[in-house]
Amino acid sequence: MSDLAVRIEPAPETARFQPEDDVPTLAWVGDAVAGRLRLIDQTRLPTECVLIDCSTVSQVWEAIRSLRVRGAPAIGVAAAYGCVLGARRDRAGGAEAMAALRAAADQLRTSRPTAVNLFWALDRMRAAAERSAAPTSDDLARELLEEARAIEEEDRRTCRAIGRHGATLLRDGQGVLTHCNAGGLATSDYGTALAVFFAAHERGLALRVYADETRPLLQGARLTAWELARRGIPVTLICDSMAAQVMREGRVRAVVVGADRIAANGDTANKIGTYGVALLARAHGIPFYVAAPSSTFDRSLADGAGIPIESRDPREVTHGFGRATAPEGIEVYNPAFDVTPAGLIDAIITERGIVSPVDADRIAEVLDRPWGTQSAFD
Ligand code: MRU
């Protein structure tokens, strides 16, 4: 957790649930004026299933910064709901509400730097506010709640479409590998990389998923293994350093990962360690797929060199989950993401179709398609 984040009190715990309960990753509870954003606190999984309620922008900021809500699409949706909280902060009238909304969006922009979905969602909320003629801050909050709900709903549909497209790339009986967590917990529902496995499983394909534990914060062990087990998909947890051996033994026939930001040429930022997995996959002749919605593309960047990489608290490496595992005061480098060059990616699975080969022209062709006109199997 970052030093900044610990200065803001986290949102309070409001309920607990059972692993078998169908609880959304995040949901707005109540109306625009008095409602709040309810989140699964992902830092407590898999041992505790806890819901927290954010009723201030700072609590949403803290939840994103501390990875209580995480994963590129989920961060974007949470930030969109954070704008609703921001718009109603000042009850005086339209102009002041706009100023409060802008301040909320500016604050939320500083929560994490890499996932472009955050900035995409905030820009969309700001544009909705600027279009609005709402006379009071409560009216503006009502309009913004509609926009945030639309973003969440689109994310749900997008993930299902990614799953449908991606499932066509897998075969019955395959072992597949994923890194970090790009599942329902990283989105409004269903996920991106894990959506591919969920959809394949729903079509009757038998898969075995190898889940990298994903050092240092163990999103693979804590979240991906939990999600897959919950859905009855066979999953084997491995340490990150075991991936090469697992591939050499022929246990894995495809790799599918998520993404936090994809440049115009297809270079892809994802959880630290993804680049290494892509290199291993290439060395073993295993296809490497990225699954991501179009909101994860940043076509303002020609290539991955311009993607900002988040650097996180050294204590995540030296004191993972509380216990010191390194000498006191040791120097640490802790980038949270790395960039996989497009040349190592066999295909990018989007809601609009599959990008392959991965290059700027093919990306533009698929992303500029009106969504919904192509078959799920093209
Ligand atoms: O630091 P995190 O846990 O937010 O990192 C998440 C990832 O790297 C995911 O793979 C990515 O956001 C895609 S989520 C559908």
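Look up: the structure comes first, before these words.
Residues numbered from 1 in each chain as written. Predicted model: local features only at pLDDT ≥ 70, side-chain atom pairs only at ≥ 80, totals over all residues. Heavy atoms only, no water.

Draft legend 1. Quick look at the site of the ligand. Around the ligand, a shell composed of 18 residues is seen, among which R70, A72, R112, N270 and K271 lie nearest. At 2.7 Å, a side-chain N or O of K271 approaches an oxygen atom of the ligand. Relative to its unbound accessible area of 420 Å², the ligand is 100% covered by the protein chains. The site holding the ligand turns out to be the largest cavity. (Near = heavy atom within 4 Å. Polar contact = N/O pair within 3.5 Å; in protein donor to acceptor, adjacent residues only side chain to side chain. Areas by Shrake-Rupley, 256 points an atom, 1.4 Å probe, with all protein chains shown as cover. 1 Å grid on protein atoms, 1.4 Å probe; cavity = no way out; pocket = protein on both sides within 12 Å on 5 of 7 lines; lining within 4 Å. Sits in = over half its atoms within 2 Å of the grid points.)

Draft legend 2. Spotlight on the side chain of T25. Structurally, T25 can be placed in the loop between β1 (13-16) and β2 (26-29). Assessed through its relative accessible area of 5%, T25 is described here as buried. Engagement of the side chain of T25 in a polar contact is seen with the backbone oxygen of G184, the distance being 2.7 Å. Separated by 3.5 Å, the side chain of T25 and the backbone oxygen of T187 make a polar contact. (Helix = DSSP H or I, 4+ residues; strand = E, 2+ residues; numbered from the N terminus. Buried < 20%, exposed > 50% of the residue type's maximum accessible area, 1.4 Å probe, protein only.)

Draft legend 3. Structural detail: the side chain of H319. As for its placement among the helices and strands, H319 is situated in the loop between α11 (315-318) and β13 (337-340). What H319 contacts, discounting residues up to four positions off in sequence, is A324, T325 and E328. (Contact = heavy atoms within 4.5 Å.)

Draft legend 4. Examining the environment of A15 more closely. By the secondary structure assignment, A15 is in strand β1. A sequence separation of 25 residues divides A15 from I40, and the C-alpha atoms of the two residues are 9.6 Å apart. In this structure A15 touches C49, V50 and L51, once residues within four positions along its chain are discounted.

Draft legend 5. Representation of the sheet that holds β13 within the structure. Pairing in this open sheet of four strands is mixed, and the strands run β12-β9-β10-β13 from one edge to the other. The open sheet has two edge strands with one neighbour each: β12 (297-298) and β13. One ladder, built from four bridges, connects strand β10 (residues 268-271) with β13; its direction is antiparallel. Within the sheet, the bridge partner assigned to K271 lies in β13 and is F337. Contacts from helix α10 (residues 274-283) reach β10 and β13, with the element oriented near 35° to β13. (Pairing = 2+ DSSP bridges. Axes fitted to C-alpha atoms, helices over the stretch in contact; angles between N-to-C directions.)

Draft legend 6. A look at the sheet that holds strand β4 (residues 50-54). Pairing is antiparallel in the open sheet, where four strands are placed in the order β1-β4-β3-β2. Both edges of this open sheet fall to β1 and β2, since each of them pairs with a single strand only. Sheet twist, expressed as the average angle between the axes of neighbouring strands with direction ignored, equals 30°. The pairing of β1 with β4 spans three bridges and is classified as antiparallel. Looking at β4, one finds that R16 is bridged to V50. Along the sheet, helix α2 (residues 57-65) makes contact with β3 (36-40) and β4, crossing β4 at roughly 140°.

Draft legend 7. Looking closely at the nonpolar core. Formed by 48 residues in total, the largest nonpolar core has its most connected members in L37 and L144. Taken together, the elements giving at least two residues each to this core come down to β2, β3, β4, α2, α3 (72-87), α4 (94-109), α5 (116-131) and α6 (137-167). Among the elements that take part in this core, α3 stands out by supplying 12 residues, more than any other. Among the nonpolar cores identified, the runner-up in size contains 28 residues, and Y210, I238, A259 and V355 belong to it. (Core = buried A, V, L, I, M, F, W, Y, C linked by side-chain atoms within 4.5 Å.)

Draft legend 8. Expanded view of helix α12 (residues 360-367). Three or more residues of α12 are buried, namely R362, I363, V366 and L367. Within α12, the buried residues cover an arc of 120° as seen down the axis, which keeps them to one side. On the buried face of α12, the contacting elements are β9 (261-263), β12, β14 (347-350) and β15 (353-355). Sitting at the head of α12, D359 places a side-chain oxygen 3.2 Å from the backbone nitrogen of D361. (Arc of directions from axis to C-beta.)

Draft legend 9. Quick look at the environment of Y275. Relative to the helices and strands, Y275 is located in helix α10. With 62 residues separating them in the primary sequence, Y275 and F337 have C-alpha atoms 9.1 Å apart. Non-local contacts of Y275, meaning those with residues more than four positions away in its chain, are made with D338, V339, T340, P341 and L344.

Draft legend 10. Up close: the pairing of β4. Counting buried residues along β4, five of its five residues qualify, which places the element largely inside the surrounding structure. Here β4 shows two buried faces, one formed by V50, I52 and C54 and the other by L51 and D53. Where β3 meets β4, four bridges bridge the pair, whose relative direction is antiparallel. Bridged to L39 within β4 is I52.

Draft legend 11. Examining empty space enclosed by the protein more closely. On inspection of all chains with the given rule, the structure shows two cavities of 30 Å³ or more. The computed volume of the largest cavity comes to approximately 190 Å³. In this structure, the largest cavity is lined by 22 residues; those nearest its centre are R70, G71, A72, N181 and D260. Counting residues per element, the ones that place at least two in the lining of the largest cavity are α3 and β10. Class assignment of the residues belonging to the lining of the largest cavity gives a composition of 10 nonpolar, eight polar and four charged. Counted as a void, the second largest cavity has a volume near 50 Å³. Lining the second largest cavity we find P216, L217, Q219, K271, I272, R312, E316, N334 and A336. In terms of residue class, the lining of the second largest cavity is built from four nonpolar, two polar and three charged. (Points joined across faces, edges and corners; volume = space filled by probe spheres on them. Nonpolar A, V, L, I, M, F, W, Y, C, P; charged D, E, K, R; others polar.)

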